[in-house]
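In case you want the letters, here they are:
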Amino acid sequence: MIINNELEAFIKQVKKEALEKDVPIMEDDTINYIKKYIVENKVKRILEIGTAVGYSGLNYLSVDYDISLVTIERDENRYLKALQNFKESGLESRVDIIFKDALEVDITDKFDLVILDGAKGQNINFFNKFQKNLTEKGTIITDNMYLHGYVEKEEEDITSRNLRALVRKIKEYHKFLEDNEEYDSEILKVGDGIAISQKHNL
Ligand code: SAH
Ligand code: MG
């Protein structure tokens, strides 16, 4: 499920460096789940919100030669690092990194899979904005549905006001998905919690 050993070693190196520099990256279980999802559902075109340094993107692309990725990052340093990482990986021809706030980008292409891994308080906006970019059977996967366990904590046990506000936002997103009748969504206890959303009545 990975193209070659050299690429595998390179991705490991990107992961190590990201962890050392406190760049947030997807958990192993989440990466493995998405890679398996890509294989089983023959996903070819992926749109990702939140590139960071390209770690997750490299993993998606490593599944097969005919997978392509459009990924959006608003932080300049991370964008530049991602650019460098995709280049060094030799996979850059299959990636388009957009250096912009995702809420200000206009994309008309369609994707089999849209991955929401940007600002955790913006997921409703991301979902509403990018659902038009899904193919008929396309799926939206949202990461960090549990926000490192905070979503399941009692509010009074969370001392930081900002964190409390963020948790409230994520809970609103849970409810948004639950109430959204156009999509069937399920939340899986994979990694930090992921939501899988697909158009209803496929
Ligand atoms: N998917 C990456 C991790 C992403 S971390 C991986 O697993 O390797 C989240 C990233 O989203 C951060 O780098 C942050 O700068 C970016 N981000 C947050 N909100 C954004 C927005 N509105 N538009 C573009 N990028 C955003
Ligand atoms: Mg994440």
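Details of the structure are given in the entry above.
For the structure given in this document, a descriptive report is provided here. (Residues numbered from 1 in each chain as written. Chains lettered and ligands numbered in written order. Predicted model: local features only at pLDDT ≥ 70, side-chain atom pairs only at ≥ 80, totals over all residues. Heavy atoms only, no water.)

1. Observations concerning the overall build of the chain
- Helix and strand counts for the chain come out as six helices and seven strands.
- Scanning the chain from its N terminus toward the C terminus, one meets helices and strands in the order α-α-β-α-β-α-β-β-α-β-α-β-β.
- Whereas a compact globule of 202 residues would reach a radius of gyration of roughly 17 Å, the chain reaches 16 Å, a difference of no more than 12%.
- Considering only C-alpha atoms, the chain reaches an extent of 45 × 40 × 30 Å along its principal axes.
- In the chain, which comprises 202 residues, the share counted as buried stands at 46%. (Helix = DSSP H or I, 4+ residues; strand = E, 2+ residues; numbered from the N terminus. Rg over C-alpha atoms; globule rule 2.2 N^0.38 Å. Buried < 20%, exposed > 50% of the residue type's maximum accessible area, 1.4 Å probe, protein only.)

2. A look at the pattern of salt bridges
- Under the criterion given, the structure shown has 12 salt bridges.
- The shortest N-O distance in the salt bridge between Glu 17 and Lys 81 comes to 3.0 Å. Note that Glu 17 is positioned in helix H1 (residues 5-20) and Lys 81 in helix H4 (residues 76-89), a separation of 64 residues in sequence.
- Residue Glu 17 is classed as partly exposed on the basis of its relative accessible area of 24%. (Salt bridge = Lys/Arg side-chain N within 4 Å of Asp/Glu carboxyl O.)

3. Regarding the site of ligand 1
- In the neighbourhood of ligand 1, 21 residues make up the surrounding shell, with Gly 50, Glu 73, Arg 78, Ala 102 and Asp 117 lying closest.
- Within the contact set of ligand 1, a nitrogen atom lies 3.4 Å away from a side-chain nitrogen or oxygen of Glu 48.
- One of the backbone N or O atoms of Ala 119 is found 3.1 Å from a nitrogen atom in ligand 1.
- Summarising the interface, the protein chains cover 94% of the accessible area of ligand 1, which totals 580 Å² for the free molecule.
- Elements with a minimum of two residues in the shell around ligand 1: helix H3 (55-61) and strand S2 (68-73).
- When grouped by side-chain class, the residues that make up the shell around ligand 1 number nine nonpolar, four polar and eight charged. (Near = heavy atom within 4 Å. Polar contact = N/O pair within 3.5 Å; in protein donor to acceptor, adjacent residues only side chain to side chain. Areas by Shrake-Rupley, 256 points an atom, 1.4 Å probe, with all protein chains shown as cover. Nonpolar A, V, L, I, M, F, W, Y, C, P; charged D, E, K, R; others polar.)

4. A few points about the coordination of the magnesium ion (ligand 2)
- Taken together, the protein ligands of the magnesium ion (ligand 2) are Asp 117 (OD), Asp 143 (OD) and Asn 144 (OD1), with distances of 2.1 to 2.2 Å.
- Of note, the magnesium ion (ligand 2) draws all its donor residues from one chain, in the sequence arrangement D-x25-D-N. On the criterion of sequence distance, the pair formed by Asp 117 in the loop between strand S4 (111-116) and helix H5 (123-130) and Asn 144 in the loop between strand S5 (134-142) and helix H6 (161-179) is long-range, its members being 27 residues apart. In terms of burial, Asp 117 and Asn 144 fall into one category: buried. (Donors = N, O, S within 2.8 Å, 3.2 Å for Na, K, Ca; no water.)

5. Topic: the packing of H5 against H6
- Relative orientation of the contacting elements H5 and H6 amounts to 35°, with a least axis distance of 9 Å. Between H5 and H6, the residues in contact are Asn 123, Ile 124, Phe 127 and Asn 128 and Glu 172, Tyr 173, Phe 176 and Leu 177, respectively.
- Of the residues belonging to the contact of H5 with H6, the class tally is five nonpolar, two polar and one charged. (Axes fitted to C-alpha atoms, helices over the stretch in contact; angles between N-to-C directions. Contact = heavy atoms within 4.5 Å.)

6. Structural notes on the side chain of Ser 62
- One can find Ser 62 in the loop between H3 and S2.
- A distance of 2.7 Å separates a polar side-chain atom of Ser 62 from the backbone oxygen of Asn 59.

7. Description of the sheet that holds strand S1 (residues 45-49)
- Here seven strands make up an open sheet; going across it, the order is S3-S2-S1-S4-S5-S7-S6 and the pairing mixed. Sheet topology places strand S3 (95-99) and strand S6 (183-188) at the edges, where each strand pairs with a single neighbour. Taking each pair of neighbouring strands and ignoring which way they run, the sheet shows an average axis angle of 15°. (Pairing = 2+ DSSP bridges.)

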